[in-house]
Amino acid sequence: MIVINLKRILLFLTIFNFCQLLLAQNVEFRNANFRAAKGGLKAAQKSIKIADEFREKALLNFLSIQDARIESENAYLHYQKAHSFNPNNADLNYKIASVLLFTNRKEFAKEYLDKAISLSAEFPPEFYFFQGMVLQLDGEYTKAIESYQYFMNNAKKKVVEQYDILTKRYIEECTLAPDLLAHKHRIWVDNLAINSEYDDWSPCLSADGELLIFTSNRKNENIINEIGAYDQDIYYSNLSGRNFKNISSLSELNTLTDDVSGGLSYDGQRLLIYKEEDGNTDVFESKLNGKYWDQANRKMGEKLRGGNTDADETFASFDPPDIKVYYITDGGYSSNKDIYFSGVMNRERNIWGKGQSAGVVNTKFQEGSVYIHPDARTMYFSSKGHNSLGGYDIFVSYVDELGHWGKPVNLGYPINTPYDDLFYSATASGRYAYIASNRAGGKGGLDIYKVTYWGADKPMTSDSEDQLMASIASPVSDKSIAEPIAFEEKSLTVFKGRILDGVTKKSIAAAIDITINKTGKIYTSAYSNSATGKFLLSLPAGENYGISVVAEGYLFHSENFDLPKGDGFNMVTKDIELKNIKVGNNIALKNVFFNTGKWDVKSDSYAELDRLAALLAEILSLRIEISGHTDDVGAESFNELLSQRRADAVVNYLVGKGVDKNRLIAKGYGQSKPVESNNTEEGRASNRRTEFEIIEN
Amino acid sequence: MRKQILLFFVLIFAANFTFSQSVDSIIIDTTLTDFELSFQDSIIVLNEQNELFSTSRKAYNDGLELFNNQNFQEAIVNFTNAVVIDSSFAQAYFYRAKCYEGSNNSLAISDYQMAFSLDSTNFSPLYGIAKIQSISDLNEAINTYNVIISSSDQESKAYYEIGVLFYLQKDIKRAISSFTNSIALIKDARTFNDRASCYRLLDNNELAIKDYITAIALNSDLAFIYNNLASTYRKQGDSVKALSYYSLAISKDTNYVLAYNNRGSLYLDLNDIENAVIDIDQAISIDNEYAPAYNNKGAIYHQRKQYTQALFFFDKAISLNNNYAKAYLNRGITRQMTRDEDGACNDWVKAKELGINVANKYLVNDCN
């Protein structure tokens with residue numbers, strides 16, 4: 001019996017010693033531990049000292065509900081230098097974990113915290129606060145609450161007071177989280193293929209979901225900053241099939257410093273960005289001019305006027321009726337980031353109203369992004385307040401008839417996680433949205449995620465058959481189809497199309513006004529893109545609208561159309577063709593063809609000539625000259641004769657279509673009026689052409 | 001006078017004797033009087049006719065046997081022989097018409113017309129004509145049945161057939177009227193069933209149930225009527241009665257695949273997956289090419305979130321019926337759950353093309 005007890009004691013001592021040995025692996029930054037590497041030790045100690053200063057600043061920011069990311073990144077950079085010299089110091093690992101929690105790489109905090117715990121059993125009480133944060137990120141809410149409470153019970157009173165607001169806040173988050181997570185949302189959240197190992201964030205989507213503009217600090221041609229990061233640049237991607245696959249730099253807006261996308265108009269023609277000028281950040285607007293974005297101009301009035309203050313105005317969103325801009329400002333009433341809005345007072349003189357708080361959406365914690373849906377009634381914003389699961393969560397709020405935003409609702413899991421989930425940009429249908437998140441499992445830092453609402457459960461349709469007629473052997477299938485349960489349907493229609501020249505089909509930049517006929521008021525205005533002719537409007541369904549289109553040199557176009565209040569979201573596509581009427585306008589008929597050396601109009605020219613005939617039939621005041629042109633191949637006299645006969649042939653065709661011959665002049669210019677050099681095949685091809693010029697209207 | 005009588009009998013005897021030998025061997029007695037010769041000729045003709053009649057009937061009987069054995073080509077040869085010998089043989093024309101049906105409808109109609117022209121008291125040829133006409137032109141068939149009705153107001157079958165044709169034309173109210181006329185003449189279980197089905201199509205389930213029950217009272221052995229009654233109760237939301245009558249249908253015909261599938265489908269709707277599986281499996285074991293059962297089996301696996309298996313059965317249903325709209329709709333839903341969104345959208349496009357409106361809703365919402 002005694003022998004057995006001795007054996008047990010021996011075993012206990014062995015295990016105890018082994019544990020001691022494991023714990024003893026904590027390697028302090030002391031000369032005694034690094035006799036052979038005193039230089040390295042000194043450098044590591046210096047790095048820790050610098051990092052500690054950054055950490056202190058980060059903690060100060062954090063505790064005063066301010067952004068601590070930059071300081072934390074700096075601290076992390078220097079801690080890492082020391083860590084690469086000595087990875088087995090418990091305190092260092094704990095500090096790295098604590099600063100990572102304030103960055104977009106917070107998922108790696110656990111790794112360092114676990115390492116710290118494996119190296120030592122003694123930590124300051126604050127350690128348990130950060131352990132609570134890590135456990136919260138991991139979804140261990142009960143344990144997280146225990147850690148926060150341990151910290152509250154064991155830290156010095158002064159420290160507890162410093163952390164009081166946040167500790168109580170986090171305990172509340174952990175308490176509410178299970179209820180939020182219990183509700184299963186029928187949503188898919190997918191990491192985009194275009195994400196990189198760097199931060200990819202601030203997604204801005206056009207209402208038709210075909211253009212995505214976003215920001216990334218991925219590797220570019222500029223110089224890295226003091227923390228080894230590239231500057232933020234703006235990129236875009238066009239939808240390819242069902243996904244965004246390829247990206248391009250929005251180079252005309254990108255500079256050597258940070259350029260950040262903020263909000264895209266629903267038609268994809270105007271972009272809000274923010275940038276710093278003289279130490280102050282304001283919102284700027286750039287317009288798509290053809291294929292290129294114009295230089296960005298300050299939005300919401302002049303500097304320090306209207307919505308612009310000496311605080312930083314950053315992420316912004318257009319209000320679809322284009323009367324207001326919603327934005328994030330550092331100068332909120334709670335002295336942190338809040339959502340404000342400014343309304344236009346005189347658009348021509350760029351006078352905007354002073355910024356006002358968006359109301360109950362704002363909290364004493366930070367609001368991080370704002371987005372007004374194309375339906376103009378719905379605001380999606382991110383906040384660390386309200387009933388967040390932790391970090392930023394995305395919330396939705398609806399405006400009432402008086403213009404007040406209602407109580408925010410957390411969008412829930414899987415859109416929101418205990419990590420930072422922010423930004424929200426959706427299609428007009430509301431079916432798809434894009435968010436950014438630094439959640440675990442991404443490609444690195446903030447990533448952009450596609451949110452797909454797959455609506456109510458689609459029921460299966462079982463099939464039954466009956467032999468309804470005794471004399472007809474083949475059974476008759478039951479006609480009933482299982483109807484899906486109705487899901488929230490936004491009665492919103494995307495009205496998109498192109499403005500084109502009625503004859504040549506060339507894209508036209510035109511001003512478009514949409515009027516609600518019932519009230520006679522203009523609902524919205526837009527411009528078609530000069531390069532593509534495209535326009536896109538988001539209109540509430542259930543109205544009769546008037547559309548008027550004005551473009552220089554073209555006949556004013558107007559028409560009425562109904563957007564019936566239908567089955568949820570709808571997309572209406574309509575191309576509008578304008579009539580070219582300005583005297584002196586010379587239009588190339590690029591789709592009129594002749595065989596070489598011949599003047600018979602080829603049949604594949606008829607469509608274009610028929611459109612010209614239709615224009616002449618509609619506008620009886622028009623008189624035109626049809627001109628034929630050749631390249632310089634062959635004898636000049638022959639070319640002149642050939643071009644005259646070709647012009648005659650076109651005139652004859654038009655006369656055959658009912659156009660009065662007196663309204664048409666045929667003129668052959670031969671090779672006398674080239675538009676390109678005749679030295680290249682391409683140039684000669686351009687010179688062989690038929691044109692018409694409006695000579696009277 | 002006595003001499004003359006004696007001579008007559010002698011001649012009769014001689015004539016009969018010669019007939020029993022051969023016609024060729026008739027000895028023309030040039031000594032006969034004109035009356036005697038005429039009488040002799042009439043006897044010859046009579047005998048010839050008797051022999052031809054006999055040959056014709058034999059050919060008809062042979063043709064009938066071949067017809068019953070579904071040897072239509074040889075039957076046609078025999079019926080043709082019959083009518084060549086006896087061109088007024090209405091029944092031979094009638095059956096030759098039946099042989100032509102399907103392979104040469106114009107000849108069939110021609111023979112039916114000939115049969116009816118030879119015997120206008122028998123309407124069977126007109127029914128045959130109408131049946132052929134109903135394949136290509138329902139209105140023409142209805143006209144033919146109306147000819148029957150205009151000839152006799154006791155033709156219950158003509159009213160019934162017109163009712164079926166109106167049903168096929170989706171003119172349900174007129175179908176009901178015709179079935180009612182038929183029922184006024186003869187109360188037949190099938191007619192009540194068909195009228196009930198028409199009431200059901202008009203969503204008048206009360207009258208439908210009443211007629212189905214009358215049909216069952218007239219003939220309690222017809223499984224399909226129980227099945228129809230069950231489905232009507234199902235439409236009314238009375239699952240208990242529906243299950244009961246599906247079970248009765250199965251008890252009347254233990255191989256009635258429709259009733260198994262329907263009961264399984266109802267169990268599925270009631271979320272009684274276990275019983276649904278038993279019935280659907282039974283339906284498949286009875287008819288392993290019955291597409292609706294595979295569709296329902298797919299739906300069962302989808303309910304169980306076993307999407308791979310669900311897709312297997314939807315694929316099978318579609319392979320059996322390439323235009324199976326519900327299977328496309330369902331497969332699209334399952335494909336969406338497996339994140340095969342392109343596949344889902346393609347299936348809903350197909351379902352929409354096949355007439356399912358809800359597929360368009362899915363396309364608008366999920367595929368734009």
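Peer 1: Looking at this structure, how should I read the overall build of chain A?
Peer 2: A tally of regular secondary structure across chain A gives eleven helices and 37 strands. A globule of 697 residues ought to have a C-alpha radius of gyration of about 26 Å, yet chain A, at 34 Å, is considerably larger. Burial status across chain A gives 44% buried among its 697 residues. Contacts in chain A between residues far apart in sequence, at least 24 positions, make up 57% of those at least 6 positions apart.

Peer 1: Quick question: what am I supposed to make of the interface of chain A and chain B here?
Peer 2: The partner chain B presents 37 residues to the 26 residues of chain A that form the contact. Of the residues that constitute the side of chain A that touches chain B, the class distribution is ten nonpolar, eight polar and eight charged.

Peer 1: Sorry if this is basic, but what is going on with the sheet that holds strand S23 (residues 447-453) of chain A here?
Peer 2: Strand pairs in the sheet, formed through backbone hydrogen bonds, run parallel or antiparallel to each other. All names here are of chain A. On the basis of which strands lie adjacent, the open sheet formed by four strands has the order S1-S23-S22-S21 and antiparallel pairing. Two strands close off the open sheet at either side, each with one partner strand: strand S1 (187-191) and strand S21 (421-426). Sheet twist, expressed as the mean angle between neighbouring strand axes with direction ignored, is 25°. Judged from the five bridges that link them, S1 and S23 form a sheet pairing that is antiparallel. Within S23, the residue paired with Asn-191 across the bridge is Tyr-449.

Peer 1: Looking at this model, I keep getting lost on the confidence of the model for chain B. Mind explaining?
Peer 2: When pLDDT drops low, the exact placement of atoms in the prediction is not to be read closely. All names here are of chain B. Per-residue pLDDT for chain B averages 89, and the proportion of residues at 70 or more is 91%. Per-element confidence in chain B is highest for helix H17 (residues 307-320), whose mean pLDDT is 98, and lowest for helix H1 (residues 2-21), whose mean pLDDT is 47. In the predicted structure, residues 5-26 sits below a pLDDT of 50 and forms nine contacts with residues beyond four places in sequence or in another chain. Scored as a whole, the predicted complex attains pTM 0.71, and scored at its interfaces, ipTM 0.79.

Peer 1: In this structure, what is going on with the pairing of strand S12 (residues 313-318) of chain A? I would like to understand it.
Peer 2: Residue and element names in this part refer to chain A. Counting buried positions along S12 yields six of six residues, so the element is predominantly enclosed. Where S12 meets strand S13 (residues 324-329), four bridges bridge the pair, whose relative direction is antiparallel. Each residue of the ladder has a partner; that of Glu-313, found in S13, is Thr-329. Between S12 and S13, which pair antiparallel and follow one another directly, the connecting turn spans five residues, one of which, Asp-322, has a positive phi of 65°.

Peer 1: Sorry, what's going on with helix H4 (residues 90-100) of chain A here?
Peer 2: Spacing of three or four residues puts side chains on the same side of an α-helix, whose turn is 3.6 residues. Residue and element names in this part refer to chain A. Within H4, ten of the eleven residues are buried, leaving the element largely enclosed by the surrounding structure. Among all positions in H4, only Ala-90, Leu-92, Asn-93, Tyr-94, Lys-95, Ile-96, Ala-97, Ser-98, Val-99 and Leu-100 are buried. The inward-facing, buried residues of H4 abut helix H2 (38-63), helix H3 (69-85), helix H5 (109-119) and helix H6 (126-137).

Peer 1: For this particular structure, what's the right way to read the packing of H2 of chain A against H3 of chain A?
Peer 2: Angle between the axes and distance between the axes are the two parameters that describe a pair of packed helices. All names here are of chain A. Viewed as axis vectors pointing N to C, H2 and H3 meet at an angle of 155°, and their least axial separation amounts to 7 Å. On the basis of their axis angle, the class for H2 and H3 is roughly antiparallel. As for how H2 packs across H3, the hand of that crossing is left-handed. Every residue of H3 that contacts H2 at Gly-40, Ala-44, Ser-47, Ile-48, Ile-50, Ala-51, Phe-54, Arg-55, Lys-57, Ala-58 and Asn-61 is listed here: Glu-71, Ser-72, Asn-74, Ala-75, His-78, Tyr-79, Lys-81, Ala-82 and Phe-85. Residues belonging to the contact of H2 with H3 are distributed by class as follows: ten nonpolar, six polar and four charged.

Peer 1: Where do I start with the sheet that holds strand S27 (residues 511-516) of chain A in this structure?
Peer 2: All names here are of chain A. One open sheet holds the four strands; their spatial order is S28-S27-S30-S31, and the pairing between them is antiparallel. The sheet is open, and its two edges are formed by strand S28 (521-527) and strand S31 (557-563), each paired on a single side. Going from strand to strand, the sheet's axes swing by 25° on average, the running direction of each strand aside. Pairing of strand S30 (residues 543-550) with S31, which is carried by seven bridges, proceeds in the antiparallel orientation. Pairing of Val-549 across the sheet is with His-557, part of S31.

Peer 1: Mind showing me how you'd approach the nonpolar core here?
Peer 2: Nonpolar side chains in soluble globular proteins generally cluster together in the buried interior. Grouped together as the largest cluster of nonpolar side chains are 107 residues, with contacts concentrated most on Phe-79, Tyr-93 and Tyr-246 of chain B. Those residues in contact with Tyr-93 of chain B that lie beyond four places of it in its chain are Val-83, Asp-111, Met-114, Ala-115 and Leu-118 of chain B. Counting 67 residues, the second largest nonpolar core, distinct from the first, contains Ile-273, Val-283, Trp-352 and Tyr-392 of chain A.

Peer 1: Even after reading the chapter, I still don't get unusual backbone geometry, so can you show me in this structure?
Peer 2: The phi torsion of most residues other than glycine is negative, and most of the peptide bonds are trans. With an omega dihedral of 10°, the bond running from Tyr-413 of chain A to Pro-414 of chain A counts as a cis peptide bond. Position of Pro-414 of chain A relative to the elements: it lies in the loop between strand S20 (409-410) and S21. With phi around 60°, Leu-304 of chain A is a residue other than glycine that occupies positive phi space. With respect to the helices and strands, Leu-304 of chain A occurs in the loop between strand S11 (297-298) and S12. The exposed category is assigned to Leu-304 of chain A, around which 10 C-beta atoms lie within 10 Å. One non-glycine residue, Gln-70 of chain B, adopts positive backbone phi at about 60°. Here Gln-70 of chain B shows up in the loop between helix H2 (34-68) and helix H3 (72-85). Owing to 8 C-beta atoms within 10 Å, Gln-70 of chain B belongs among the exposed residues under this scheme.

Peer 1: Please clarify how the environment of Lys-57 of chain A should be interpreted in this entry.
Peer 2: Residue and element names in this part refer to chain A. Inspection of the secondary structure puts Lys-57 in helix H2. With 16 C-beta atoms packed within 10 Å, Lys-57 lands in the partly exposed category. Considering only alpha carbons, one finds Lys-57 and Phe-365, 308 residues apart in sequence, at a separation of 19 Å.

Peer 1: Which parts of the structure should I look at to understand the environment of Val-84 of chain B?
Peer 2: Residues and elements named next belong to chain B. Inspection of the secondary structure assignment puts Val-84 in helix H3. The class for Val-84 is partly exposed, based on 14 C-beta atoms found within 10 Å. Sequence separation between Val-84 and Ser-56 is 28 residues; the distance between their C-alpha atoms is 8.2 Å.

Peer 1: Could you clarify how one ought to interpret the packing of helix H9 (residues 606-618) of chain A against helix H10 (residues 636-656) of chain A in this entry?
Peer 2: Residues and elements named next belong to chain A. The geometry of H9 relative to H10 is characterised by a closest axis approach of 10 Å and an angle of 60° between their N-to-C directions. In terms of their interaxial angle, H9 and H10 are classed as oblique. Seen from above, H9 lies across H10 with right-handed handedness. Of the residues in H10, those in contact with Leu-609, Leu-612, Ala-613 and Leu-616 of H9 are Val-650, Tyr-653 and Leu-654. Taken together, the residues of the contact of H9 with H10 break down into seven nonpolar, no polar and no charged.

Peer 1: What exactly am I supposed to notice about the confidence of the model for chain A here?
Peer 2: Residue and element names in this part refer to chain A. Of all residues in chain A, 93% have pLDDT values of 70 or greater, and the mean over the chain is 88. Note on residues 16-23: pLDDT under 50 across the span, and two contacts to partners over four residues away in sequence or across chains. Counting interchain partners and residues more than four positions distant, the pLDDT-below-50 stretch residues 484-489 has eleven contacts.

Peer 1: Is there a simple way to explain the environment of Arg-169 of chain A in this structure?
Peer 2: Residue and element names in this part refer to chain A. Secondary-structure assignment places Arg-169 in helix H8 (residues 157-182). Overall, the presence of 19 C-beta atoms within 10 Å leaves Arg-169 in the partly exposed class. Counting along the chain gives 145 residues from Arg-169 to Thr-314, while the straight-line C-alpha distance between them is 26 Å.

Peer 1: Can you help me understand the pairing of strand S14 (residues 338-346) of chain A in this one?
Peer 2: Each regular strand carries side chains that alternate between the two faces of the sheet. All names here are of chain A. Sheet topology note: the S13/S14 ladder contains six bridges and is antiparallel. Looking at S14, one finds that Tyr-327 is bridged to Tyr-340. Both S14 and strand S15 (residues 351-352) contribute to a ladder of two bridges, which runs antiparallel. Bridging across to S15, Asn-346 finds its partner in Ile-351.

Conventions adopted
- Residues numbered from 1 in each chain as written.
- Chains lettered and ligands numbered in written order.
- Predicted model: local features only at pLDDT ≥ 70, side-chain atom pairs only at ≥ 80, totals over all residues.
- Helix = DSSP H or I, 4+ residues; strand = E, 2+ residues; numbered from the N terminus.
- Rg over C-alpha atoms; globule rule 2.2 N^0.38 Å.
- Buried ≥ 20, exposed ≤ 12 C-beta atoms within 10 Å, placed from the backbone.
- Contact = placed C-beta atoms within 7 Å.
- Nonpolar A, V, L, I, M, F, W, Y, C, P; charged D, E, K, R; others polar.
- Pairing = 2+ DSSP bridges.
- Axes fitted to C-alpha atoms, helices over the stretch in contact; angles between N-to-C directions.
- pLDDT = per-residue confidence, 0-100.
- Parallel < 35°, antiparallel > 145°, perpendicular 65-115°, else oblique.
- Left-handed = near helix turned anticlockwise from the far one by under 90°.
- Core = buried A, V, L, I, M, F, W, Y, C linked by C-beta atoms within 7 Å.

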